[in-house]
Amino acid sequence: MVMQGILYATAKKKKGMTVGFVTFESVEQLTHAVQVLKENPSGGKEIKISDANRRSHQKVRAEGHVANGTATENGSNPATTAGETSAPEVVASSKKSARDAVTPLAHMPYNDQLEHKKHSMAQILKRLTRNARKACPPAIPLPNWIFKSKEIGGLPCKLEGILESPIVDGYRNKCEFSVGYSLEGKKTVGFMLGNFREGVTAVEEPVNCPNVSEISCKYAQMFQDFLQSSSLPLWSRVDNCGFWRQFTVREGRCPAEAVVLQHVESQISEVMLIVQVCSTDVDEALMKEEFDKLSTALIQGASTCSPPLPLTTIVVQDHKGISNAAPADCPLIPLLVPKGDQLEGRAEDKTRIHDHISNLKFSISPTAFFQVNTLAAERLYTLAGDWANLNSDTLLFDVCCGTGTIGLTLAHRVGMVVGIEMNESAVSDAHRNALINGIKNCRFVCGKAEDVIGSLLTEYLGSPQQHIAASESNSVINDTSKNEDTINCTESDVENMDSSAEKNDNGENEQPRDGSVDLHTCGDEDIKGDSVDRVNKEADSSPDEHIEAVVEQSCGEASLINDEPTDAISTDSLEHGKTCQDSSSIQNNNVLAASACQFKNVVAIVDPPRVGLHPTVIKALRMHPLIRRLVYISCNPDSLVANAIELCTPTSEKQEKNKGNRGWRSMSAAGLARQRTKSMPNSEPFIPKRAMAVDLFPHTSHCEMVMLFER
């Protein structure tokens, strides 16, 4: 091929990357290309040229000398010829072990790691203060918390320290191992030595990685041994093709009181193995044959270890996308089904393990989120509950609830929990978990938080406009009611709201009594108004499993209010296997709404993914005047800063409309948040009150942050 006078064999550049890969047919072509690029820089920018991370197995397969080049913008380095044994990337990677790549702080004593992370969290919080100051409208006085930040070193609130992990080594209950080639060209199951954006794709074994359990390492070695004789190829991150992609080990532990911290691995009682593959253009018969061989190898390997390793289930995930991050609905193929759990239905219903937090048992399906450090997560959730100031009069919204761990561990401290989660299998797990533990005051809703948060807040609390109107009306009679936090459901309060329509006990417009009320239930189909039968029958199932199947059948609503079952799991539903009908939805909605009226305290606990909360969720939480307290659990402090800016920045009476220019593409998350505050409707901002770091990831640079916001 020829481009701008340069001869080459192949060229590849992925969208959004500043690095590209070019292959040449000879050293002469490479030398000529380097000269041309030096003399004619692309777009006036210098291009850094260096040898790509070639591996010996690629050299052996090549019929002749093939030179690889990597070109990046800004800078200039001479290329390395094909005859040289190592390029700069290879040299750098060869000096770096899997331990260095995965646990960069492992060389430090644990107390020093904690101090390092505490200092990092403090710097991030200072960035929050600076950006919030910039985001404040010029005509509005700065909030008091920004003025007071000078007294505490620029922090928005006091950083109260860092909670250490109860265990430091082998704490991960989930390890995702990459599949690829080592620097020596060996098929390897382990960790990548660098970032693909940097041109590094080498994978090395998880040797001496202190965060990985010995059990996970042994299973990774078993899979690696199997790959040496497999006839199917490994996934190539450069060519985006291949079959074997990723290997995940998930572990389930005994109840917390049975865990001896010095011998944590001995408490691992269940193990799930997930093998990610790409079946594109692979013969089905050959694939089945490989799966049979793999199952045999893993089962025999687990049984022949001394002592034998636990092995509960094996599942294959067939993912055909480019990134290893597979969507939640990716097809699952069970290879080994747990005894006593062989239900008919979807694959995730057949393959699950269990773990324990705060003496509660949690059922975990292959793709469901569960904190990777179980014992540290228990401390995290306890802290969040303490800061939320929970009591029997509390209605708790658990946003991004996953398998329901936060809401269920705190359910005994509140009147009612409403959980929101977009992963359907995780919501199914949450329903099971509520039943397994006999928890009756939780409801879990499946859907994207940005799609359902508004309607749920209105369903339980009434619309923000109604409460604002009621507050303004009551303020004429009694100024002391301005700061009222209680959810009022008296007749006088209803009269203060819009009298043009009939209201229900929750202060919202009641639907015509001859129609159905749209009650958000467990599935996306249900959210759209469709009924979905999710019955899982099992002739040999235990009584508990039968109950779980019946509840999933009745729209997945694990909602029992004040120890009395709602119509979602009524006697008729149990006997006849009915899905939610219009009439039962109306009755159930009325029960939930009436029950919500008794709660005087409304709290939201959010535990979003790394990208943070969607702007729509931020807006909904901020706009509803009854939410006075919010606890934010963040695994990515950068997104916490952005979300906190929108939560805490005062608004002006006149909002600016988003102009839609393309400048946002180059903005930081905090910069985008500052822009969004300009269009935030007039509302009372939150105030950052407390912050605490929680170390869920010893030996790494990552750390959880918990912040309390009040107003």
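Worth saying up front: this structure is predicted, and the values here are computed from it rather than measured. (Residues numbered from 1 in each chain as written. Predicted model: local features only at pLDDT ≥ 70, side-chain atom pairs only at ≥ 80, totals over all residues. Heavy atoms only, no water.)

UniProt records the feature "active site" (unreviewed entry) at C635, using the numbering of this structure. With respect to the secondary-structure elements, C635 resides in the loop between β23 (629-634) and α21 (637-648). Assessed through its relative accessible area of 18%, C635 is described here as buried. Beyond its immediate stretch of four places on either side in the chain, C635 contacts P608, P609, R610, C703 and E704. (UniProt positions renumbered as here; feature names shortened; annotations may be inferred. Helix = DSSP H or I, 4+ residues; strand = E, 2+ residues; numbered from the N terminus. Buried < 20%, exposed > 50% of the residue type's maximum accessible area, 1.4 Å probe, protein only. Contact = heavy atoms within 4.5 Å.)

Attention shifts here to α21. Between the first and last C-alpha of α21 there are 16 Å, a value that for 12 residues agrees with the 16 Å anticipated at 1.5 Å per step. Burial in α21 covers these residues: P637, S639, L640, V641, A642, N643, A644, I645, E646, L647 and C648. (Expected span 1.5 Å × (residues − 1).)

Let us now look at the nonpolar core. Counting 60 residues, the largest nonpolar core has F397, L461, L621, L630, M707 and F709 as the members making the most contacts within it. For this core, the leading source of residues is helix α5 (residues 110-135), giving nine residues. Of all hydrophobic cores here, the second largest spans 48 residues; its members include A377, L410, F444 and F697. (Core = buried A, V, L, I, M, F, W, Y, C linked by side-chain atoms within 4.5 Å.)

In this section: the sheet that holds strand β19 (residues 442-446). One open sheet holds the eight strands; their spatial order is β7-β24-β25-β23-β22-β17-β18-β19, and the pairing between them is mixed. Whereas interior strands pair on both sides, the edge strands pair on one side only; in this sheet they are β7 (158-163) and β19. Each neighbouring strand pair of the sheet contributes to a mean axis angle of 15 degrees, computed without reference to strand direction. Of the pairings in the sheet, the one linking strand β24 (residues 687-694) to strand β25 (residues 704-710) comprises seven bridges and is antiparallel in character. Considered in β25, the bridge of A693 is made with M705. The sheet contacts of helix α10 (residues 374-387) involve β7, β22 (601-606), β23, β24 and β25, and relative to β24 the element is tilted by about 165 degrees. Running over the sheet, helix α13 (residues 449-461) touches β17 (394-399), β18 (416-421), β19 and β22 and is turned about 170 degrees from β17. (Pairing = 2+ DSSP bridges. Axes fitted to C-alpha atoms, helices over the stretch in contact; angles between N-to-C directions.)

Bringing the packing of aromatic side chains into the picture now. Within this structure, the stated rule accounts for 10 aromatic pairs. Summarising the aromatic geometry, the rings of F397 and Y460 are spaced 6.1 Å apart at their centres and angled 80 degrees between planes, so their arrangement reads as edge-to-face. Residue F397 is located in strand β17, and its partner Y460 is located in helix α13; the two are separated by 63 residues in the primary sequence. The class for Y460 is buried, based on a relative accessible area of 0%. Here the aromatic cluster, defined as three or more aromatic residues joined through ring pairs, consists of F223, F226, F243, W244, F247 and F291. Cation over ring: R245 sits above W235, and NZ or CZ is 3.9 Å from the ring centre. (Phe/Tyr/Trp six-rings, centres within 6.5 Å; stacked < 30°, edge-to-face > 60°. Lys NZ or Arg CZ within 6 Å of the ring centre and 35° of its normal.)

The tally for this structure, following the rule as stated, stands at 15 salt bridges. For D386, the salt bridge is made with R413, and the minimal N-O distance between the two is 2.9 Å. Remark: R413 occurs in the loop between α11 (405-410) and β18 and D386 occurs in helix α10; sequence separation between them is 27 residues. (Salt bridge = Lys/Arg side-chain N within 4 Å of Asp/Glu carboxyl O.)

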